Amino acid sequence: MEDQSCSIVEIEGNLSSNCDFDSYDHNSPWALDIGGSLIKLVYFCGEDSGLEKSSEKSVGVEGVGLVTNSKNYPFLNGKLHFAKFETSKINECLDFIESNLHGSRCRDQEVSDKKKLMIKATGGGAYKYADLFKEKFGVRLDKEDEMDCLVAGSNFLLKAVPCETFTYIEGQKEFVKIDSNDLFPYLLVNIGSGVSMIKVDGDGKFERVSGTSVGGGTFWGLGRLLTKCQSFDDLLELSHQGNNRVIDMLVGDIYGGSDYSKIGLSATTIASSFGKAISEKKELEDYKPEDVARSLLRLISNNIGQIAYLNALRYGLKRIIFGGFFIRSHEYTMDTISVGVQF
Ligand code: ADP
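These numbers come from a predicted model, not from an experiment.

Undergrad: Looking at this structure, I do not really get the site of the ligand. What am I missing?
TA: Near the ligand, the surroundings consist of 18 residues, among which S37, L38, K40, S193 and G216 are the closest. Separating an oxygen atom of the ligand from a backbone N or O atom of L38 is a distance of 2.9 Å. K40 is positioned such that a nitrogen or oxygen atom in its side chain is 2.6 Å from an oxygen atom of the ligand. Against a free-state accessible area of 570 Å², the protein chains account for coverage of 91% of the ligand. Elements supplying a minimum of two residues to the shell around the ligand: β3 (38-46), α7 (216-227) and α8 (232-241). Examining the composition of the shell around the ligand, we find that three residues originate from one element, α7, more than from any other. When residues of the shell around the ligand are assigned to domains, at least three map to each of domain 1 (6-144) and domain 2 (150-246 + 287-343).

Here it is in structure tokens:
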């Protein structure tokens, strides 16, 4: 939260070659984060594994909610590949793992070795789906605590990747160089299905100080019910075309078009999200889905921005780092959160 703006972790920065990969376990080249909404998957394959070809095939598998991406790390002699799936479609993730196992190091090993394969896993799904993985692949999920992983990952990226954070204000993305000696303490706000706010004091030193259940799952879930959109991407796209003023009650709606300047509220400030719906004799069908989606996005993003700001104030933290798939690459969402923080 430098200069009252919010910083957002962009998780796809380029890792510098002096990163500490000593603890990397080459026998366990797959790792999963199985969250409430999404499964995030990363796997490593060496140059000689032939996985590149199989991975290229999997890029662009449409309709299964899969996006793959890969990063080449010559100093590791291989590539890290990233993919995501909707958690509700876990079977597609299992099929993906199965069809790509042949390219990873483990495929070339004997069956007995395969049985020894461990997949690192975090998130609630590491517990919920442990038996499923055992049945399907005969592999054990090696569980890691999700908050530990989140903080370790965030600290790692912030220290290892130059300009990993950026502010996003009024359409302007600006990278911020953080001095790794001046990183702590900071507030880490992870916006997934729900929202966790974590005060990070150092490596392995953190406390979850707050959170809210009104998060990415709320946007997707409530948005789907209200607009009938079938996918998150469609819902988000819809919200970009909408106008929240049609359904939100603004200060100006209450004050006959004027500001309430005495207490610093402009006429365009949202006084009550969705508030106009109470005074109009309209049903849901009378509102455009894009306006509903826009109001919902603003409601949730503003709320998160304000709660984050108040927690930063409460603990005297000068910097807030936002992360999680709710904001990832979603510029309007990041902008709205910035407005919430600044407001
Ligand atoms: P979790 O670990 O709880 O699943 P994530 O950090 O993966 O949390 O974020 C999940 C949220 O990200 C969803 O609830 C949704 O709001 C948002 N999201 C962003 N992109 C997508 C997408 N392509 N499909 C589904 N949800 C998405």
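From this point, the narrative continues.
Undergrad: Can you help me understand the packing of helix α2 (residues 90-101) against helix α5 (residues 130-137) in this one?
TA: For any two helices packed against each other, one specifies the inter-axial angle together with the distance between the axes. Packing of α2 against α5 brings their axes to within 12 Å, and their N-to-C directions diverge by 40 degrees. As summarised for this structure, α2 and α5 are arranged oblique, according to the angle between their axes. Crossing hand, α2 versus α5: right-handed. Facing α2, whose interface residues are I90, L94, D95, I97, E98 and L101, α5 presents L132, F133, K136 and F137.

Conventions used here
- Residues numbered from 1 in each chain as written.
- Predicted model: local features only at pLDDT ≥ 70, side-chain atom pairs only at ≥ 80, totals over all residues.
- Heavy atoms only, no water.
- Near = heavy atom within 4 Å.
- Polar contact = N/O pair within 3.5 Å; in protein donor to acceptor, adjacent residues only side chain to side chain.
- Areas by Shrake-Rupley, 256 points an atom, 1.4 Å probe, with all protein chains shown as cover.
- Helix = DSSP H or I, 4+ residues; strand = E, 2+ residues; numbered from the N terminus.
- Domains from an automatic or database assignment.
- Axes fitted to C-alpha atoms, helices over the stretch in contact; angles between N-to-C directions.
- Parallel < 35°, antiparallel > 145°, perpendicular 65-115°, else oblique.
- Left-handed = near helix turned anticlockwise from the far one by under 90°.
- Contact = heavy atoms within 4.5 Å.

Honestly, that's just the spatial picture; any functional story needs more than this.
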